[in-house]
Structure formats: structure tokens, C-alpha cells
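Chain by chain, the residues:
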Amino acid sequence: MKISNFATYIATLSMFFTANAAPVEPNKKQNIILMVSDGMGVATLDLARQYNAVVNGLELPSLLNLDDYLIGSLRTRSNSSFITDSAAAGTALACGKKSYNKAIGVDPDRNPIGNVGEALKIEGYTVGIVVTTKITDATPGVFYAHSDSRSYEDLIAEQLVGEHPLGRIPDLVMGGGRTYFYPNTSEGGSRADSRNLIEEIQNNGTWSYAGNRQEFDELDGGNNVTLPLLGLFADKDIPYKIDRNESVYPSLNEQVQVALTALTEATKDSEKGFFLMIEGSRIDHAGHANDAAASVRETIEYDSAWKEVLDFADASEVETLVVSISDHETGGISLNAEKAEDYQPLINATHSGEYLSKEINNFSDIDDDALFTKFIKSEIIEKGLGIYNYTNEEIERVKNTKNNEEPEYTEVLANLTSSRAKIRFSSYEHTAVDVGVYAHSNSDRLQYKVLDRINGLAGAHENTDYPKFLQGIVGFDMDDVTELIQDIQHTLD
Ligand SMILES: *[C@@H]1O[C@H](CO)[C@@H](O)[C@H](O)[C@H]1NC(C)=O
Ligand SMILES: *[C@@H]1O[C@H](CO)[C@@H](O)[C@H](O)[C@H]1NC(C)=O
Ligand SMILES: *[C@@H]1O[C@H](CO)[C@@H](O)[C@H](O)[C@H]1NC(C)=O
Ligand SMILES: *[C@@H]1O[C@H](CO)[C@@H](O)[C@H](O)[C@H]1NC(C)=O
Ligand SMILES: *[C@@H]1O[C@H](CO)[C@@H](O)[C@H](O)[C@H]1NC(C)=O
Ligand SMILES: *[C@@H]1O[C@H](CO)[C@@H](O)[C@H](O)[C@H]1NC(C)=O
Ligand SMILES: *[C@@H]1O[C@H](CO)[C@@H](O)[C@H](O)[C@H]1NC(C)=O
Ligand SMILES: *[C@@H]1O[C@H](CO)[C@@H](O)[C@H](O)[C@H]1NC(C)=O
Ligand SMILES: *[C@@H]1O[C@H](CO)[C@@H](O)[C@H](O)[C@H]1NC(C)=O
Ligand SMILES: [Zn+2]
């Protein structure tokens, strides 16, 4: 959108809400939902929109659910680089301060700083976190933990289960990442100590636990949940949508449904509502892998979770504010397709490069050139990617790929699809471009506040402005929270 059009759009909305603004009532019960599309830039969403139109034969402009709710943009640089990582970006979004890349809830001098999860918990909100990556990963971590490095995931898991000056912060946790909850001496475990946190919480009776699809189903869409609930459905990431067997792993939408239902029930007699952070975690991973076929499906799943949350908000009797932001863009995606047919390779792909690279690593006859070539052609490129017009150079490129040396199989395979669809990537890393902000509320009062260009989120902002905005609508003082958590163990030294 051109800046001039965008400014007109915001001015019109602001006038509408000024005229209709309800009086300010700071202590009203409210639900606050933050959705984070990790690694989704504006072009990532454009790509998903175009793909969605082509695959479903929709008439243009065939908007996605998010499109109607764009209100502004965020600048994302961190304290240490123009290009942020998810840890520094998350720290900005959760704590309101820029820090160095890898920082989880600590400032540039490594002092722990309060986050909105803690602030709202202290205010009496029930706190939920739903992701599709490891629950100890950077983006979820910043809402309950403090660590000098995002890599101290053993420590972050301990803080999650309640080894924290304020006790347990989240009341409901769902996603992947069992691995940092049990020792590396057991299959799939990663902890360097011998603790089994899952056994401990069960023995201590401090959390209810769901550890697989069957136990997820027993949550009965959120009607059979005892809080606090820890739900961990994969050792590491929940598989990409394109690869996922949903009889084994719950979808993002299913997890969101359980969370919304359980949190609504838990707060129905409370004066305070809930805070829920929902992350579409793996849009970022598809960007790192330059995997357009995986990216579009992750993005559409996120967009459909946004719709689910919007429908929830509109039906809720509690004032509910929903904001969607990205922490940064990943991959430097640029779109060069001109016509619908250009997207056929994305439609043809049946698996991600990540999944197919595991198939290659599983292949036992890798030293037999004829067998390996046949396998790459028929199983990987034809069956896996749905590509039939491959060249000998492409086959050789795949066969000559080495693990642990970028580009790996994952990226080389993804590129066969992306390049055919005329999607170019400038990087295997994050980029420094601004990201979009999307917002909606069922309450004029909150809508008016979020559309305020100064204290709200409309227009162009720093990523540190989200918690400052929440501070304004809820009335907590983040410095007070920082006082309360400053003695947390946040380093391994
Ligand atoms: C990083 O933080 C330090 C300490 O607060 C500050 O002095 C410095 O200016 C910041 N650097 C950038 C690039 O923001
Ligand atoms: C488990 O972690 C310990 C401590 O870091 C390490 O010494 C050991 O080699 C690890 N074991 C496995 C199986 O990775
Ligand atoms: C479980 O209880 C024991 C004994 O009180 C305690 O040492 C441990 O930290 C608790 N573990 C968890 C994960 O709550
Ligand atoms: C509710 O959860 C319990 C375990 O916490 C389980 O035994 C029961 O079967 C579940 N009920 C339903 C309807 O799934
Ligand atoms: C999905 O998982 C179920 C349960 O393990 C299994 O029966 C089914 O074959 C799997 N589907 C695919 C396509 O792998
Ligand atoms: C690779 O092999 C492992 C172990 O046999 C199996 O569990 C996994 O499903 C296989 N993965 C793929 C992508 O074929
Ligand atoms: C897509 O797959 C079909 C076979 O299912 C094939 O005929 C067609 O050439 C493929 N299209 C592209 C663009 O790879
Ligand atoms: C990606 O595809 C383009 C076009 O075929 C090719 O020039 C480039 O080398 C490929 N990159 C990788 C990493 O395979
Ligand atoms: C294969 O088909 C795609 C269209 O899907 C086209 O862009 C590409 O140039 C073709 N590649 C070769 C090697 O013929
Ligand atoms: Zn990220």
C-alpha cells in the first residue's frame, strides 16, 4: 500500500473510532491475545495469498483473513544488529527493551527485565502459550523466562515449570519441545543434567500433562482441561503443515481451540480475563530453508488460526483485543511469478525439503551410484516434490550436497521448487525489513486505543512499543515487575 493511501486509511479509521469511542474504563475485564507469526514478512503473506488464490481457483484479490486488519508496521533492529534474531525481537515484544541477539528477557547488560507474561500474571490474568516449535524456544521463552542465552534451554524449561521468583507464570502451555524436559540418557531427551521434569511435575502434582495425540484428544476441545496444563506433542518441532500427520500431531487450530475454551472456562468467574500468546513458529523455519512450498502452508495455517481467534473474540462477552505481529522477516523472499501457472510447482510439492532430506539420510544404499540416482529421481524429486522436468545438473546438484555445509539437502531440494515458482530468496537468515501489525477488537474502547498512532500500534512503531501499549491499557508498571524478578538465575556461569 502506498504511504499516502495508508495514512488516509488510518485517518479514516481513527475518525470513526473517535466518534464512537466509549469512555475509558481501565479496570474492565479483558482478554489479551497476541499472535506472533515468526519470520513472516509482508512478502511472505503476499506469497501465501497468491498461492491460496491459485490453488483454490479464487478470483483476485482473494484476500487472506489477516489482510483486512493491517494497521501498521514495526521496525525490528536489535541492540546488537540491524538484523534481529528471535530472542532479541521477542525480548522487545515481551519486555519493551531492545537487547542483544540471543537475549531472553535480559537487557544489554544481562540484567533480567520483566515481561508482559509476568506483568499480566501479577495482575491476575490467566496466562496461556501455544506454539508449533519447542516451547523453550526464543519466542515463547521471552514470555516467562530470563536467560543470557536462548541456548540455555534446560534452564528455560526449569523456569517454565515454576523455578522462578514468581512461581509458575504460564497456566496453559502447548506445543513441541519435550526434549528439554528429560535427560539426554533417555531416547529423544536433551537435558545435560539427569532431571526428568515431566516425571517431577507429575509426582509433585503441580501440572496436568498431555504428551501425545491421544492425551490431546482427551482434553476434549478444551472442555476437559485441568489447569495448569503442560501439553508437549513432539520432542522438538511439531512437523510442518505440509508434512504433518494430524492423527499424530495436533494442528495449530486444534491447539488454539483447546486454549481458548480452557482459558475462557478458567476465567469465567474471575474479574480478570486471560493473556494468550499464539505463535506460528515455523513460517520462520521455512524462510531459513528457502522452502516456499512449506512457507505458504505454514502461513495459511497461521492465517486460519487468526480467523479462529477473531471469531472467538467477536462471540465473546469479554472485551478481547487481538494483535498479530511478526518478530522479523526470514529469507528475504521476493516474488517474481507473473501468472497462476508459475505457482504449480508449489501445489505439486507433497513434502518439505526438511522431510525429504531426512528420507535421503535414511537411504541405506547411498554408496551405490545407480541406486542412489534412481532414488533421488523417483522418490525425492518426482514423488516428493512433484517435479518431472528436472535436468541432469539438478540431479548432480542434489547428489553432491553435503550435510553440515550450507546449502544442505533441505535447501537444495526446496530450491528446485522455489526457483521454478520464480520465488527468490536473498538469505538463509533473517532480514532487517519492517513487518506488519494487524489488530482487531470486539470493543470500540480497545479498538480506539490500538488505532492510536502515538500510544497505540497504528502507523510505524518500534517493536518495543507493544508492551508499552499493553502497559497503557492494563495499567501495570514493568519496572515493578523487573524488581520482583531480578534475582532469577539467568546464566550458567
Ligand atoms: C545497546 O545498549 C547499550 C546499553 O543500553 C547502549 O549504550 C547502546 O547504545 C545500544 N546500542 C544500540 C545500537 O542500540
Ligand atoms: C549428556 O550431557 C552430559 C553433560 O553435558 C554429557 O557429558 C553427555 O555426553 C551427554 N550424553 C549424551 C548421550 O549426549
Ligand atoms: C518437585 O518436588 C521436589 C521436592 O520438593 C523439588 O525438589 C523439585 O524441584 C520439584 N520439581 C518440579 C519440577 O516442580
Ligand atoms: C478427561 O481427561 C481424563 C484424564 O485427565 C480422561 O481420563 C478422560 O477420559 C477424559 N474425558 C474425555 C471425555 O475425554
Ligand atoms: C498417520 O498416522 C496414523 C497413526 O499412526 C497412521 O495409521 C497413518 O498411516 C499415518 N498416515 C500417513 C499418511 O502416514
Ligand atoms: C527415517 O527413519 C526413521 C527411523 O527408522 C523413521 O522413524 C523416520 O520416519 C524416517 N523418516 C523419513 C522422513 O523417512
Ligand atoms: C505437476 O505434477 C503433474 C503430475 O502429477 C505433472 O504432470 C506436472 O508436470 C507437474 N507440474 C509441474 C509444474 O511440475
Ligand atoms: C537455486 O536455483 C537456481 C535456479 O535454478 C540456481 O541458479 C541456484 O544455484 C540454486 N541454488 C541452490 C542453493 O541450489
Ligand atoms: C520446468 O518447468 C517449470 C515450470 O513449472 C519451468 O519454469 C522450468 O524452466 C522447467 N525447467 C526445465 C529444466 O525445463
Ligand atoms: Zn523469529
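Residues numbered from 1 in each chain as written. Chains lettered and ligands numbered in written order. Predicted model: local features only at pLDDT ≥ 70, side-chain atom pairs only at ≥ 80, totals over all residues. Heavy atoms only, no water.

Under an unreviewed UniProt entry, the name given to the chain is Alkaline phosphatase, and the organism recorded is Debaryomyces hansenii. Taken from UniProt, the Sequence similarities (unreviewed entry) comment for the chain reads in full: "Belongs to the alkaline phosphatase family." What UniProt states about the chain under its Catalytic activity (unreviewed entry) heading is, verbatim, "a phosphate monoester + H2O = an alcohol + phosphate". (UniProt positions renumbered as here; feature names shortened; annotations may be inferred.)

Novice: Sorry if this is basic, but what is going on with the site of ligand 6 here?
Specialist: In the vicinity of ligand 6, the contacting residues are Tyr355, Lys358, Glu359 and Asn362. Asn362 has a polar side-chain atom sitting 2.3 Å from an oxygen atom of ligand 6. A total of 360 Å² of accessible area belongs to ligand 6 in isolation, and the protein chains cover 37% of it. (Near = heavy atom within 4 Å. Polar contact = N/O pair within 3.5 Å; in protein donor to acceptor, adjacent residues only side chain to side chain. Areas by Shrake-Rupley, 256 points an atom, 1.4 Å probe, with all protein chains shown as cover.)

Novice: It is not clear to me how the sheet that holds strand β3 (residues 126–134) should be interpreted in this structure. Could you clarify?
Specialist: Paired through backbone hydrogen bonds, the strands of a sheet run either parallel or antiparallel to each other. Pairing is mixed in the open sheet, where 10 strands are placed in the order β5-β6-β4-β3-β7-β1-β8-β13-β2-β14. Strands with a single pairing partner mark the edges of an open sheet, and in this sheet they are β5 (208–210) and β14 (459–462). Geometrically, the sheet is characterised by an average inter-axis angle of 15° between neighbouring strands, direction not taken into account. In the sheet, strand β2 (residues 70–75) pairs with strand β13 (residues 435–441) via 4 bridges, with the strands oriented antiparallel. (Pairing = 2+ DSSP bridges. Helix = DSSP H or I, 4+ residues; strand = E, 2+ residues; numbered from the N terminus. Axes fitted to C-alpha atoms, helices over the stretch in contact; angles between N-to-C directions.)

Novice: Could you clarify how one ought to interpret the coordination of the zinc ion (ligand 10) in this entry?
Specialist: For a metal bound by four donors in a tetrahedral arrangement, the ideal donor-metal-donor angle is 109.5 degrees, while six donors in an octahedral arrangement ideally sit at 90 or 180 degrees. For the zinc ion (ligand 10), the full set of protein donor atoms is Asp38 (OD), Asp38 (OD), Ser86 (OG), Asp327 (OD) and His328 (NE2), at a range of 1.8 to 2.7 Å. The motif formed by the donor residues of the zinc ion (ligand 10), counted along the single chain, is D-x47-S-x240-D-H. Linking Asp38 in the loop between β1 (30–37) and α2 (42–56) with Ser86 in helix α3 (residues 86–95), this pair joins segments that are 48 residues apart in sequence. A single burial state applies to Asp38 and to Ser86, both of which are buried. (Donors = N, O, S within 2.8 Å, 3.2 Å for Na, K, Ca; no water. Buried < 20%, exposed > 50% of the residue type's maximum accessible area, 1.4 Å probe, protein only.)

Novice: What should I look at first to understand the pattern of salt bridges in this one?
Specialist: It is possible for side chains of opposite charge to pair when their charged atoms get near one another. Considering all chains together, one arrives at 35 salt bridges under this definition. The closest approach of N and O atoms between Arg282 and Asp237, which form a salt bridge, is 3.6 Å. One end of the pair, Arg282, is in the loop between β7 (274–280) and α10 (283–288); the other, Asp237, is in the loop between β6 (229–232) and α9 (252–266), with 45 residues separating them in the sequence. A salt bridge links Glu379 to Lys383; the nearest nitrogen and oxygen atoms lie 3.4 Å apart. With Glu379 and Lys383 both in helix α14 (residues 369–384) and 4 residues apart, the pair spans about one turn of that helix. Note on Glu379: relative accessible area 29%, which makes it partly exposed. For Lys383, a relative accessible area of 56% translates into the label exposed. It is possible to trace a salt-bridge network through shared partners that takes in Asp85, Lys134, Asp137, Arg150 and Glu153. (Salt bridge = Lys/Arg side-chain N within 4 Å of Asp/Glu carboxyl O.)

Novice: Please clarify how the nonpolar core should be interpreted in this entry.
Specialist: Counting residues in each nonpolar core, the largest one holds 61 residues, and the members touching the most others are Phe181, Phe275, Val323 and Tyr466. If we skip the residues at most four places from it in the chain, Tyr466 touches Ile32, Leu34, Leu93, Phe275, Val323, Ile325 and Leu457. Grouped together as the second largest cluster of nonpolar side chains are 37 residues, Leu64, Ala210, Ile238 and Ile278 included. (Core = buried A, V, L, I, M, F, W, Y, C linked by side-chain atoms within 4.5 Å. Contact = heavy atoms within 4.5 Å.)

Novice: Please clarify how the UniProt feature "binding site: Mg(2+)" (unreviewed entry) in the chain should be interpreted in this entry.
Specialist: UniProt records the feature "binding site: Mg(2+)" (unreviewed entry) at Asp38, Asp137, Thr139 and Glu279, using the numbering of this structure. A maximum C-alpha distance of 11.5 Å among these annotated residues, which run over 242 residues, shows that they cluster at one spot. Among the secondary structure elements, Asp137 is positioned in the loop between β3 and α5 (138–141). Excluding residues that lie within four positions of it along the chain, Asp137 makes contacts with Arg150 and Glu153. Its place among the elements puts Glu279 in strand β7.

Novice: Explain a negative patch on the surface to me, please; I cannot follow it from the model alone.
Specialist: On the surface, Asp477, Asp479, Asp480 and Glu483 cluster together into a negatively charged patch. Exposure remark for Asp480: the relative accessible area of 47% places this residue in the partly exposed category. (Patch = residues over 30% accessible without salt bridge, like charges linked within 9 Å, V, L, I, M, F, W, Y side chains within 5 Å. Lys, Arg positive; Asp, Glu negative; His and termini not counted. Charge placed at Lys NZ, Arg CZ, Asp CG, Glu CD.)

Novice: How should unusual backbone geometry be read in this particular structure?
Specialist: Most peptide bonds adopt trans geometry, and most residues besides glycine take a negative phi value. In the segment running from Leu60 into Pro61, the intervening peptide bond is cis, with an omega of 10°. The residue Pro61 is located in the loop between α2 and β2 in this model. Look at the link from Glu406 to Pro407: it is a cis peptide, with omega at -5°. Topologically, Pro407 is positioned in the loop between α15 (392–399) and α16 (409–420). Residue Asp220 is not a glycine yet carries a positive backbone phi of 55°. By the element assignment, Asp220 lies in the loop between α8 (213–217) and β6. Despite not being glycine, Asn290 has its phi angle at roughly 55°, a positive value. Residue position: Asn290 is located in the loop between α10 and α11 (292–315). On the basis of relative accessibility, which here comes to 10%, the residue Asn290 falls in the buried class.

Novice: When you look at the domain arrangement of the chain in this model, what are you seeing that I'm missing?
Specialist: Put simply, an interface is often sized by how much accessible area is lost when its parts join up. Partitioning the chain into structural domains gives domain 1 (30–332 + 430–484) and domain 2 (340–424). Put simply, the middle of domain 1 and the middle of domain 2, counted by C-alpha atoms, are 32 Å apart. When domain 1 packs against domain 2, the two sides together hide about 1400 Å² of surface, and 60% of this comes from carbon and sulfur. The tally of links from domain 1 across to domain 2 stands at 1 salt bridge. Note that Arg282 is salt-bridged to Glu354, the shortest N-O span being 2.8 Å. (Domains from an automatic or database assignment. Buried area = accessible area lost by both parts, 1.4 Å probe.)

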